[in-house]
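# Commentary on secondary and tertiary structure
Residues per chain, in single letters:
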Amino acid sequence: VVVSDRLTPRQLARLAEAQGRIPGSRLEVFPVRDYPLGSLACHLLGQVGEVDELTLSEAQRKYEPGDWVGKDGLEASWEDDLRGVSGRRGVLVDVSGRPVQELEEIAPRAGRDLVLTLDAELQKVAEDSLQLALNELRWRNGERTGGVVVAMEARTGKIRAMASLPGYDPGWFAGGISSRRFTLLLRDPAA
């Protein structure tokens, strides 16, 4: 039973200190996708979320309940490459849940890196300029609308910026989005 999947550093320290007095308990660290640039290129990058029942039934043992998968954008289309392989550890415990013997350990393998041709500074300029244009349209027409900007190198075909607004912060989904925030996104007529 997962008691909490979001501990503050203080809570984590207190639990680690008390763990020896709580039979059968253990702390596990799970990676969480980090989006350091916030909403920048959110529609292109996409987001991750917990695997759903339909995906579990179709995936034929590829995923386990509680796994996080790409749900949209590059996170979804490159899921197989970005995912890597989960590790596994088997431990024999006594009736109190204390480890007695390590049975097996399979080391995890990291997924592949994905290198994009996006220019983060140009992406920011594209999104900011698009937002200014949308604000101007809203002021003139009274309507809230969205828009898209794509900047591509003509000779190479490399995409340098791909902006779509309105946007969202994919980090909201990385640790599990709150129902309040998700409802706000669903009710946003321009989203």
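Refer to the structure above for everything that follows.
Okay, so let's go over this structure. Quick caveat: nothing in here was measured; it's all calculated off a predicted structure.

For the rest of this paragraph, the subject is the overall build of the chain. Each helix and strand in the chain was counted, giving eight helices and six strands. Along its sequence from the N terminus, the chain presents helices and strands in the succession α-α-β-α-β-α-α-β-β-α-β-β-α-α. Whereas a compact globule of 191 residues would reach a radius of gyration of roughly 16 Å, the chain reaches 22 Å, over 25% beyond that. With the C-alpha coordinates aligned to their principal axes, the bounding extent of the chain is approximately 70 × 40 × 30 Å. Within the chain, the fraction of its 191 residues that count as buried is 19%. Restricting to contacts in the chain with at least 6 residues of sequence separation, those with at least 24 account for 48%. In the form shown here, the chain has an accessible surface area of approximately 14,600 Å², with 53% of it arising from carbon and sulfur atoms. Here the chain carries 25 positive and 29 negative side-chain charges, and the mean point of each set is 3 Å from the other.

This brings us to the pattern of salt bridges. This model, assessed by the stated rule, comprises eleven salt bridges. Here Lys71 makes a salt bridge to Asp52, at a shortest N to O gap of 3.3 Å. Placement of the pair is Lys71 in the loop between strand 2 (68-70) and helix 4 (73-77) and Asp52 in the loop between strand 1 (48-50) and helix 3 (53-58), with a sequence separation of 19 residues. For Lys71, a relative accessible area of 36% corresponds to the partly exposed category. The class for Asp52 is partly exposed, based on a relative accessible area of 32%. Ionic pairing is found between Glu153 and Arg160, a salt bridge with its closest N-O pair at 2.8 Å. Residue Arg160 is classed as partly exposed on the basis of its relative accessible area of 24%.

Moving on to the side chain of Asp67. Tracing the backbone through its elements, the reader meets Asp67 in the loop between helix 3 and strand 2. The residues contacting Asp67, other than those within four sequence positions of it, are Gly49, Glu50, Val51 and Arg83.

What counts and what doesn't
Going along each chain's sequence as written, the residues are numbered from 1 onward. The predicted nature of this model means local features are confined to residues of pLDDT at least 70 and side-chain atom pairs, given and counted, to a pLDDT of 80 or more, with totals for whole chains, interfaces and linings taken over all residues. Hydrogens and water molecules were not included; the side-chain quantities draw on all heavy atoms of the structure. Elements are defined by DSSP. Helices are runs of H or I of four residues or more, strands are runs of E of two residues or more, and each kind is numbered from the N terminus. Within these notes, the globule rule equals 2.2 Å times the number of residues to the 0.38 power, and the radius of gyration is based on C-alpha atoms. Each residue's exposure class comes from its accessible area (1.4 Å probe, protein chains only) as a fraction of the maximum for that residue type: buried when under 20%, exposed when over 50%, partly exposed otherwise. Contacts: residue pairs with any heavy atoms within 4.5 Å of one another. Residue-level accessible areas treat just the shown protein chains as cover; the underlying method is Shrake-Rupley with a 1.4 Å probe. In this tally, Lys and Arg are treated as positive and Asp and Glu as negative; His is ignored, and so are the chain termini. Positions of charges follow a simple convention, taking NZ of Lys, CZ of Arg, CG of Asp or CD of Glu. We count a salt bridge whenever a side-chain nitrogen from Lys or Arg sits within 4 Å of a carboxyl oxygen from Asp or Glu.

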